[in-house]
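Each chain, written out:
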Amino acid sequence: MKAKTILELMTLSTNLYMITKDEKLMNKISEMGAKGKEKLDDLIEGLEGDDEQKLSEKIMEKAIQAKEELEHRIGEVVVKLYDKMNIAHTAQVEKLTKQIDSLKDELVLAEARIIKLESQR
């Protein structure tokens, strides 16, 4: 296995561990699941035909919202974890890459100036 792959696996397992240890998040998910199940059972008992279709559409919308919120929360936890572990986040790597490119351009211009000044002597 390559070192990069091992590092990625370690990072992934650490992220999953940190997420499962986030008791506040896990409690909220459990609580939301229990409430949702109760509400869904109550709603299904009194529905027929078109109402069921509307309900299923609403459920899908809520599921998508929940997924987005979970992804956002996971992203926040990952950023915090990366900061703690001193691992560069993708945004940081991109920023540093742009800075390096900018410095390379400045270096090329400076070299051109030096060559021009030397040729004038």
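Worth saying up front: this structure is predicted, and the values here are computed from it rather than measured. (Residues numbered from 1 in each chain as written. Predicted model: local features only at pLDDT ≥ 70, side-chain atom pairs only at ≥ 80, totals over all residues. Heavy atoms only, no water.)

> In this structure, what is going on with the overall build of the protein? I would like to understand it.
Per the secondary structure count, the protein includes four helices and zero strands. Element order for the protein, N to C, with α for helix and β for strand: α-α-α-α. Residues classed as buried in the protein amount to 9% of the 121 residues present. Here the analysis covers contacts within the protein between residues at least 6 apart in sequence; of these, 55% occur between residues at least 24 apart. When the accessible surface of the protein is summed, it comes to about 10,800 Å², and 59% of that surface belongs to carbon and sulfur atoms. (Helix = DSSP H or I, 4+ residues; strand = E, 2+ residues; numbered from the N terminus. Buried < 20%, exposed > 50% of the residue type's maximum accessible area, 1.4 Å probe, protein only. Contact = heavy atoms within 4.5 Å. Areas by Shrake-Rupley, 256 points an atom, 1.4 Å probe, with all protein chains shown as cover.)

> Mind showing me how you'd approach a nonpolar patch on the surface here?
A surface patch of nonpolar side chains, about 280 Å² in accessible area, is lined by Ile 6, Leu 7 and Met 10. Within the fold, Ile 6 resides in helix H1 (residues 3-21). The class of Ile 6 is partly exposed, set by a relative accessible area of 37%. (Patch = residues over 30% accessible without salt bridge, like charges linked within 9 Å, V, L, I, M, F, W, Y side chains within 5 Å. Salt bridge = Lys/Arg side-chain N within 4 Å of Asp/Glu carboxyl O.)

> Just to check I follow, could you spell out a positive patch on the surface for this structure?
There is a patch of like positive charges on the surface, built from Lys 24, Lys 28, Lys 80 and Lys 84. Listed by contribution, the elements that provide at least two residues to the positive patch are helix H2 (23-45) and helix H3 (50-85). Summarising the element assignment, Lys 28 is placed in helix H2. A residue is classified by how much of its surface remains accessible, and Lys 28, at 51% relative accessible area, is exposed. (Lys, Arg positive; Asp, Glu negative; His and termini not counted. Charge placed at Lys NZ, Arg CZ, Asp CG, Glu CD.)

> Please explain the confidence of the model for the protein as it appears in this structure.
It should be kept in mind that the predicted coordinates are not to be read in detail where pLDDT is low. Predicted confidence across the protein gives a mean pLDDT of 79, with 86% of residues reaching 70 or more. Model confidence for the protein, summarised as mean pLDDT per element, is weakest for H1 at 72 and strongest for helix H4 (residues 90-120) at 89. (pLDDT = per-residue confidence, 0-100.)

> What am I meant to see in a negative patch on the surface here?
A contiguous patch of negative charge on the surface is contributed by Glu 38, Asp 41, Asp 42 and Glu 45. With respect to the helices and strands, the residue Glu 45 is situated in helix H2.

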